[in-house]
Amino acid sequence: MTDVNLLVSLMDVNVFIPVVLYVLAILGAIVCLMQKDLLKMAVLTSITGFMLAAIYQVLLAPDVALTQAVVGAAIVPTLVALTILKTREEPVTSEEGEGDS
């Protein structure tokens, strides 16, 4: 009987939407962690940031949602991506490598 009650409670829109957003935020974080390219990882962090902003909005915290959308989904991924681009080393060509030995 409790399985039926759980299913009925998940069918409620007020419960279903946050659960979907939780799952999408967790999946976004997992996809971000699985990336080998740091630049892709920096861009994918915005997915988790947007999902968290949507969760805060659904939970009736619009001020926190707006801050999360601006900081967590826009500014932080941009700064991380710029940092990665600035600190990448240029590949050494075979001509440059021969002169060192």
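This text goes with the structure placed above it.
Thresholds applied
Residues numbered from 1 in each chain as written. Predicted model: local features only at pLDDT ≥ 70, side-chain atom pairs only at ≥ 80, totals over all residues. Heavy atoms only, no water. Helix = DSSP H or I, 4+ residues; strand = E, 2+ residues; numbered from the N terminus. Buried < 20%, exposed > 50% of the residue type's maximum accessible area, 1.4 Å probe, protein only. Contact = heavy atoms within 4.5 Å. Areas by Shrake-Rupley, 256 points an atom, 1.4 Å probe, with all protein chains shown as cover. Axes fitted to C-alpha atoms, helices over the stretch in contact; angles between N-to-C directions. Parallel < 35°, antiparallel > 145°, perpendicular 65-115°, else oblique. Salt bridge = Lys/Arg side-chain N within 4 Å of Asp/Glu carboxyl O. Left-handed = near helix turned anticlockwise from the far one by under 90°. Nonpolar A, V, L, I, M, F, W, Y, C, P; charged D, E, K, R; others polar.

**Q** How should I be thinking about the overall build of the protein in this particular structure?
**A** Looking only at helices and strands, the protein has five helices and zero strands in total. Mapped in sequence order, the helices and strands of the protein form the string α-α-α-α-α. Burial statistics for the protein: of 101 residues in total, 20% are counted as buried. Contacts in the protein between residues far apart in sequence, at least 24 positions, make up 53% of those at least 6 positions apart. Counting every atom, the protein has about 7,700 Å² of accessible surface; 70% of that belongs to carbon and sulfur.

**Q** Can you walk me through the packing of helix H3 (residues 38–58) against helix H4 (residues 62–87) in this structure?
**A** Helix-helix packing: each pair is described by the crossing angle between the helix axes and the interaxial distance. Between H3 and H4, the shortest axis-to-axis distance is 8 Å and the interhelical angle comes to 175 degrees. By the angle between their axes, H3 is roughly antiparallel relative to H4. Listed contacts from H4 to Leu38, Leu39, Met41, Ala42, Thr45, Ser46, Gly49, Phe50, Leu52, Ala53, Tyr56 and Gln57 of H3 are Pro62, Val64, Ala65, Gln68, Ala69, Gly72, Ala73, Pro77, Val80, Ala81, Ile84 and Leu85.

**Q** In this structure, what is going on with the environment of Val23? I would like to understand it.
**A** Looking at the element boundaries, Val23 is found in helix H2 (residues 13–34). You can call Val23 partly exposed: its relative accessible area is 43%. Distance in space between the C-alpha atoms of Val23 and Met51 is 9.3 Å, their sequence separation being 28 residues.

**Q** Sorry, what's going on with the pattern of salt bridges here?
**A** Note that side chains of opposite charge can pair when their charged atoms are close. All told, the structure shown has one salt bridge when counted by the stated rule. Here Asp37 ties to Arg88 by a salt bridge, and the two come within 2.9 Å at their closest N and O atoms. Here the residue Asp37 occupies a position in the loop between H2 and H3, and Arg88 occupies one in the loop between H4 and helix H5 (94–99), the gap between them amounting to 51 residues. Judged by relative accessible area, which is 44%, Arg88 ranks as partly exposed.

**Q** Would you mind going over the packing of H2 against H3 with me for this structure?
**A** It is the contact of H2 with H3, at a shortest axis distance of 9 Å, that shows an interaxial angle of 165 degrees. It follows that H2 is roughly antiparallel to H3 by the angle criterion. Viewed along their axes, H2 and H3 form a crossing whose handedness is left-handed. Only Met41, Leu44, Thr45, Ile47, Thr48, Met51, Ala54, Ile55 and Val58 of H3 make contact with H2, whose side of the interface consists of Ile17, Pro18, Leu21, Tyr22, Leu24, Ala25, Gly28, Ala29, Val31 and Cys32. Looking at the contact of H2 with H3 residue by residue, the classes come out as 16 nonpolar, three polar and no charged.

**Q** What's the story with the environment of Ile17 in this structure? I'm lost.
**A** Within the secondary structure, Ile17 is located in helix H2. Counting along the chain gives 38 residues from Ile17 to Ile55, while the straight-line C-alpha distance between them is 8.7 Å.

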